[in-house]
Amino acid sequence: MSTSSATAGAPSKAKVAVAVAVGNFMEWFDFAVYGFFAVIIGQLFFPPDTSEFVAILSSLAVFAVGFFMRPLGGFILGPIGDKYGRRVALAISILAMGIATTIIGLLPTYATVGIFAPILLVLCRCIQGLSAGGEWTGSAAYLIESTPTAHRGKFGSVISATAALATIAGSLFALFLNNTLAEEDLLSWGWRVPFLMAAPLALIGLYIRMRLGETPVYKAVTDKHEVEKSPILRSFKENWRPILLTVAIAAVQGTGFYYLATFIVNYLMTTVGIERPTALAMSATGLTVYMILCPIAGALSDRFGRRRLNIIGTIGYVILPIPVFMLMSGGSFAPVVFGMILLTMTQALVSVTTVVMLVELFPAANRSSASAIGFNFALAFIAGPASYIGTWLAGATGNPVSPAWYLVVLALIALPFIWKWLPETAGRDITSEYQADRGDVLGVDLGHLEDHVGTAKTTPTAEQR
């Protein structure tokens, strides 16, 4: 089926972008709020005789537990997206996240139920992780499959930007609570408020998503009776090379994002010694710049390709983290924010290109499953523990620059694989199964794909324009 015919009858691009943005905002607001209240949660859900350092490590360990559940979420929601539709998977993910986050806001603390408090907290984080395991890749598939070829990067940036906006909103709301509530009120009930907000947000997001139709690409798959009965099995059999590439790019992207979104604010409080309101304001400022940079990075990837920008961003994570953490360790507002801005420039490049390549690297019939496998493996075992590892490095070494090492080493490991094997995917026809037949998506003939992209860009179709 041609791009033009597949697009016929599809919902407007603006409607799709808004629906994905609203749901994605809700998902990541809920997920990020935990990170901003990690210090308080550590105090309330673990034994009172625990030191502050151990309490924050325990809380961040629970934060990482949610990531370890992401691969399972991908194994569940990915095939649902391939077999029953992208919209169905997105509806399930937002509903599960809303329920789990609301329950966290109602949980009794350690002082009330003892050891059951952290156990219940872990269970809720597991459900959050299952939900998040399908949200990012599901949103990417739905949005990119509904977008003209020449503008996938620009529209794909909506996912990265709304994740940042959700994190900003979470930090500003946390800042508001810190400035308006007494410390005892914040500890007793104030921290629960953002978690309880998940209930109405989930209902709004679910309503908006259920009003959407399916993507043109998924309709094309169903019309041609190409819906996979076992998309996971096919993914491992035919798409193992792009899955491994997804692990590499997602590891850098995910670790960078969670450093910016949740780790740095706790680092500024516990390691640098900055007061909570000031640390939250610094974090919100840096993330605002990142949000603004995302659509710029998306437009650049449409113009110059995904591969080049992703490599530049990965190199940035080799060069910048150590000087950035040297700037932030001083604790002054301007150097901290400037350091965060340097990281956001790098993060925007890797984040937006990763979002689009989660779709462009894989054939349509098993796209949700295959992309979810690689992406969630990387976030579960590499990016998820990043906040814990960064905090442990700072505490164990006594060196406030040491958390940068994790970012640098990770980028150094990923860079050779990305440089050698990552293909240029801009311009690919994602409405057909030609990739699986030709083999270039499997890594067999990656060297000539950039020539193919250049030809596609010089003669754009009416739909691409």
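Throughout, a residue's number is its position along its own chain's written sequence, starting from 1. Totals for whole chains, interfaces and linings use every residue, but because this is a predicted model, local features are given only for residues with pLDDT of at least 70 and side-chain atom pairs only at 80 or more, for both listing and counting. Note that water and hydrogens are dropped before the side-chain values are worked out from all heavy atoms of the structure.

1. Thoughts on the overall build of the protein chain
Turning to step 1, where the next piece is worked out: Tallying secondary structure elements over the protein chain gives 24 helices and zero strands in all.
Turning to step 2, where the next piece is worked out: Working definition: with a 1.4 Å probe on protein chains only, accessible area under 20% of the residue-type maximum means buried, over 50% means exposed, and in between means partly exposed. A total of 465 residues make up the protein chain; the buried ones form 60% of that total.
Turning to step 3, where the next piece is worked out: The contact definition used throughout considers only heavy atoms, calling two residues in contact when any of these lie within 4.5 Å. Long-range pairs, those at least 24 residues apart, make up 86% of the contacts in the protein chain with a sequence separation of at least 6.
Turning to step 4, where the next piece is worked out: Residue-level accessible areas treat just the shown protein chains as cover; the underlying method is Shrake-Rupley with a 1.4 Å probe. Summed over all atoms, the accessible surface of the protein chain reaches about 16600 Å², with 70% contributed by carbon and sulfur. Starting at the N terminus, helices and strands are each numbered in turn, a helix being any DSSP run of H or I of at least four residues and a strand any DSSP run of E of at least two.

2. Re the side chain of Gln253
Turning to step 1, where the next piece is worked out: Residue position: Gln253 is located in helix α15 (residues 240-270).
Turning to step 2, where the next piece is worked out: Gln253 sits in the buried class, given a relative accessible area of 2%.

3. Structural notes on a nonpolar patch on the surface
Turning to step 1, where the next piece is worked out: Patch definition: residues with relative accessible area over 30% and no salt bridge; like charges joined within 9 Å; nonpolar side chains (Val, Leu, Ile, Met, Phe, Trp, Tyr) joined within 5 Å. The rule for a salt bridge is simple: a side-chain nitrogen of Lys or Arg has to be within 4 Å of a carboxyl oxygen of Asp or Glu. On the surface, Val113, Ile115, Phe116, Ile119, Leu120 and Leu123 cluster together to form a nonpolar patch covering roughly 530 Å² of accessible area.
Turning to step 2, where the next piece is worked out: With four residues, the top contributor of residues to the nonpolar patch is helix α8 (residues 116-145).
Turning to step 3, where the next piece is worked out: Its location among the elements puts Leu123 in helix α8.

4. Some remarks on the packing of helix α9 (residues 152-180) against helix α16 (residues 276-304)
Turning to step 1, where the next piece is worked out: At a minimum axis distance of 8 Å, the contact between α9 and α16 shows a crossing angle of 170°. The angle between α9 and α16 places the two elements in the roughly antiparallel class.
Turning to step 2, where the next piece is worked out: Partitioned by chemical class, the residues of the contact of α9 with α16 number 17 nonpolar, 10 polar and four charged. For every element, the axis is a line fit to its C-alpha atoms; helices are fit only across the contacting stretch, and the angle between N-to-C directions ranges from 0 to 180 degrees. Between 65 and 115 degrees an angle is taken as roughly perpendicular, under 35 as roughly parallel, over 145 as roughly antiparallel, and anywhere else as oblique. Residue polarity is assigned by list, with Asp, Glu, Lys and Arg as charged and Ala, Val, Leu, Ile, Met, Phe, Trp, Tyr, Cys and Pro as nonpolar; anything else, Gly included, falls into the polar class.

5. With respect to the packing of aromatic side chains
Turning to step 1, where the next piece is worked out: For this analysis, a ring pair means two rings from Phe, Tyr or Trp (six-membered ring only for Trp) whose centres lie within 6.5 Å, classed as stacked if their planes differ by under 30 degrees, edge-to-face if by over 60, and tilted for the remaining angles. Counted according to the given criterion, the structure contains 16 aromatic pairs.
Turning to step 2, where the next piece is worked out: Judged by centre distance (6.5 Å) and plane angle (55°), the ring pair of Trp136 and Phe257 falls under tilted. Highlighted residues: Trp136 in helix α8 and Phe257 in helix α15, separated in sequence by 121 residues. Each member of the pair, Trp136 as well as Phe257, carries the same accessibility label: buried.
Turning to step 3, where the next piece is worked out: A ring pair is formed by Trp136 and Phe375, whose centres lie 6.1 Å apart and whose planes are at 10°; its orientation type is stacked. With Trp136 in helix α8 and Phe375 in helix α20 (residues 367-383), this pair connects stretches of sequence that are 239 residues apart.
Turning to step 4, where the next piece is worked out: Under the relative-accessibility criterion, Trp136 is labelled buried at 2%.
Turning to step 5, where the next piece is worked out: Members of the aromatic cluster, connected to one another through ring pairs, are Trp136, Phe257, Tyr258, Tyr290 and Phe375.
Turning to step 6, where the next piece is worked out: Lysine NZ or arginine CZ positioned within 6 Å of the ring centre and within 35 degrees of the ring normal marks a charge as sitting over the ring. When the ring centre of Phe304 is taken as reference, the NZ or CZ atom of Arg303 above it lies at 5.0 Å.

6. What about the environment of Leu343?
Turning to step 1, where the next piece is worked out: Its location among the elements puts Leu343 in helix α19 (residues 333-360).
Turning to step 2, where the next piece is worked out: Other than its neighbours up to four places away in sequence, Leu343 contacts Leu260, Ile264, Tyr317, Leu320, Pro321 and Val324.

7. Let's talk about the environment of Ile249
Turning to step 1, where the next piece is worked out: Turning to its location among the elements, Ile249 is positioned in helix α15.
Turning to step 2, where the next piece is worked out: When its relative accessible area of 1% is taken as the criterion, Ile249 is described as buried.
Turning to step 3, where the next piece is worked out: C-alpha of Ile249 to C-alpha of Asn310: the two residues are 61 residues apart in sequence and 7.9 Å apart in space.

8. Things to note about the confidence of the model for the protein chain
Turning to step 1, where the next piece is worked out: A score from 0 to 100, pLDDT tells how confident the predictor is in each residue. Of all residues in the protein chain, 87% have pLDDT values of 70 or greater, and the mean over the chain is 83.
Turning to step 2, where the next piece is worked out: Model confidence for the protein chain, summarised as mean pLDDT per element, is weakest for helix α23 (residues 434-438) at 39 and strongest for helix α17 (residues 306-319) at 97.
Turning to step 3, where the next piece is worked out: For the stretch residues 1-9, pLDDT sits under 50, and the model shows 15 contacts to residues farther than four places along the chain or on other chains.

9. Describing the pattern of salt bridges
Pairs can form between side chains of opposite charge whenever their charged atoms are close.
Turning to step 1, where the next piece is worked out: Scanning the entire structure with this criterion turns up seven salt bridges.
Turning to step 2, where the next piece is worked out: Residues Arg367 and Glu145 are paired through a salt bridge, measuring 2.7 Å at the closest nitrogen-oxygen approach. With Arg367 in helix α20 and Glu145 in helix α8, the pair connects residues that are 222 residues apart, well separated along the chain.
Turning to step 3, where the next piece is worked out: Given a relative accessible area of 0%, Arg367 falls into the buried group.
Turning to step 4, where the next piece is worked out: With its nearest N and O atoms 3.0 Å apart, the salt bridge here joins Arg306 to Asp302. Of the two residues examined, Arg306 and Asp302, each falls in the buried class.

10. Looking at helix α6 (residues 86-104)
Turning to step 1, where the next piece is worked out: What a helix should span is 1.5 Å times the count of its residues minus one. With 19 residues, α6 extends 28 Å from end C-alpha to end C-alpha; this agrees with the ideal 27 Å at 1.5 Å per step.
Turning to step 2, where the next piece is worked out: Taken residue by residue, α6 has Arg86, Ala89, Leu90, Ala91, Ser93, Ile94, Met97, Gly98, Ala100, Thr101, Thr102 and Ile104 as its buried positions.

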